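Summary of structural features
Here is how the chains run, residue by residue.
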Amino acid sequence: MAARETRACIAAPGDFYLCPLPQVQLAAGELEAALEAVWRGDRTLIPVLRERPDGKSELIAEGYEYPVSMSQAGGGEEQSWTERRLVVRSVRHAQASEAALRARVAKAMAQIEALNQRGRGKKRVEEVAT
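The structure presented is a predicted model; accordingly, all values stated were derived computationally and were not measured.

**Observations concerning the packing of aromatic side chains**
- With the rule as written, the count across this model stands at 1 aromatic pair.
- Taken together, a centroid distance of 6.1 Å and an interplanar angle of 40 degrees make the contact between Tyr64 and Tyr66 tilted. Tyr66 carries the same exposure label as Tyr64, and that label is buried.

**Considering the pairing of strand 2 (residues 57-74)**
- In this structure, strand 1 (residues 46-51) lies alongside strand 2, joined through 6 bridges in antiparallel fashion. Its bridge partner being in strand 2, Pro47 is matched across the sheet by Glu62.
- Summarising the sheet, strand 2 and strand 3 (residues 77-90) pair through 14 bridges and their orientation is antiparallel. Bridged to Ser71 within strand 3 is Ser80.

**Some remarks on the side chain of Glu83**
- Structurally, the position occupied by Glu83 is in strand 3.
- In terms of polar contacts, Glu83 uses its side chain to reach the side chain of Tyr17, at 2.4 Å.
- Glu83 has contacts with Arg7, Tyr17, Leu21, Tyr66, Pro67, Val68 and Met70, leaving out every residue within four places of it along the chain.

**Topic: the environment of Gln23**
- Within the secondary structure, Gln23 is located in the loop between helix 1 (4-11) and helix 2 (30-40).
- Owing to a relative accessible area of 47%, Gln23 belongs among the partly exposed residues under this scheme.
- Note: C-alpha distance between Gln23 and Leu86 (63 residues apart in sequence) is 14 Å.

Definitions and limits used
- Numbering of residues starts from 1 in each chain and follows the order in which that chain's sequence is written.
- Side-chain atom pairs in this predicted model are given and counted only at pLDDT of 80 or more, local residue features only at pLDDT of at least 70, and totals for whole chains, interfaces and linings cover all residues.
- As a convention, hydrogens and water are excluded, and side-chain values are obtained from all of the structure's heavy atoms.
- Stacked, tilted and edge-to-face are the three classes assigned to paired rings of Phe, Tyr and Trp, where Trp is represented by its six-membered ring and a pair needs centres within 6.5 Å; plane angles under 30 degrees give stacked, over 60 edge-to-face, the rest tilted.
- Accessible area is worked out with a 1.4 Å probe on protein chains only. A residue is then buried under 20% of its type maximum, exposed over 50%, and partly exposed in between.
- DSSP bridges decide pairing: two strands pair if at least two such bridges lie between them.
- Each helix corresponds to a stretch of at least 4 residues labelled H or I by DSSP, and each strand to a stretch of at least 2 residues labelled E; elements are numbered beginning at the N terminus.
- Any N or O atom pair separated by 3.5 Å or less is treated as a polar contact, with the protein-specific requirement of one donor-capable and one acceptor-capable atom, and with residues adjacent in sequence counted only for side-chain atom pairs.
- Whether two residues are in contact is decided by their heavy atoms, any of which lying within 4.5 Å being enough.

And the structure:
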């Protein structure tokens, strides 16, 4: 779906598409530049809210949109359109990634501590470099 030719065929008659773009479809450094704009404060993130059953709003994501001019040669003529790219940060995905990172760090710390446990037949490491 995300192939440039496919997007050009959909956009040519004025139709719309929505798909995640894999890294290979982005120009070199485009994702980094999009994220850097947020970190520098050049882009304001727009909250994406969902209404819960109790009537309160819940933040589920935040992001921004930027236009990219696209063109594709095909069928003897060149097609041009403007693509709206969304940079979105999912709150649940970020929380899950943070939890996974914390679990990996805790596991690594436990393994490091286990290296220096006393026990029968276990050599004790005395120096940090070792």
